[in-house]
Amino acid sequence: MSHAQPKPHPHEGAGEPHPHHSAQDPHPRDPAGELEREFELERMILFSDAIFAIAITLMVIDVKWPELPESLKGVDLRKLLHPTVVEFIVFLLSFLFVGRAWKLHLRLFRQLKKYNQVLLNLNLFYLFFIVIFPFTASGMLGHVRDGFAYPFLFYAFDMAGV
């Protein structure tokens, strides 16, 4: 009794795999859809990079030189520059923290080949904490007083979120 053999696909039998199949994945893939998903992932990464860059830029805007009198004779420069030095130190610490967060984000997203809605939502939630960093950092600049620690608490909360 003769069994009829199924007719092979034109790319099969000649040692060539089907163009939309791989040896490991027998299920067909849509190259155009995969390219679109890669593009969407790239957009998500570029959007994230923009958030980091804007946040860092906005933080430095709060660092300002003090108003200087016409004559510096008799002016206590240490006292005059102290607020600016504090602002710069808060900016520097915030810059290093947000920069470190960006490097970790980059390292994580460099590994991704695919994403889903959950990852997109988690990324947006994470970016929220990056976006509010300029606000929380500015709260640390002259707004923390005895009996009013909310700016410090917001800053600490923000750092914990990142």
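Placed above this text is the structure.
Residues numbered from 1 in each chain as written. Predicted model: local features only at pLDDT ≥ 70, side-chain atom pairs only at ≥ 80, totals over all residues. Heavy atoms only, no water.

> It is not clear to me how the side chain of E87 should be interpreted in this structure. Could you clarify?
Within the element layout of this structure, E87 appears in helix 2 (residues 77-110). K64 provides the closest opposite charge to the buried, unpaired E87, separated from it by 7.4 Å. (Helix = DSSP H or I, 4+ residues; strand = E, 2+ residues; numbered from the N terminus. Buried < 20%, exposed > 50% of the residue type's maximum accessible area, 1.4 Å probe, protein only. Lys, Arg positive; Asp, Glu negative; His and termini not counted. Salt bridge = Lys/Arg side-chain N within 4 Å of Asp/Glu carboxyl O.)

> Even after reading the chapter, I still don't get the nonpolar core, so can you show me in this structure?
Within soluble globular proteins, side chains that are nonpolar tend to cluster in buried spots. If you look at the biggest cluster of nonpolar residues, it comprises 16 residues, and the most contacted ones within it are F52, M59, V98, Y126 and I130. Elements with a minimum of two residues in this core: helix 1 (31-61), helix 2, helix 3 (117-131) and helix 4 (133-139). Among the elements that line this core, the one with the most residues is helix 1, at five residues. Look past the residues within four positions of V98 in its chain and what remains in contact with it is F52, I56, M59, I130 and F133. Judged by nonpolar contacts, the second largest core, of five residues, contains L41, I45, F109 and Y115. (Core = buried A, V, L, I, M, F, W, Y, C linked by side-chain atoms within 4.5 Å. Contact = heavy atoms within 4.5 Å.)

> Explain the environment of V131 here, please?
As for its placement among the helices and strands, V131 is situated in helix 3. Using a relative accessible area of 46% as the deciding quantity, one classes V131 as partly exposed. Sequence separation between V131 and F52 is 79 residues; the distance between their C-alpha atoms is 7.6 Å.

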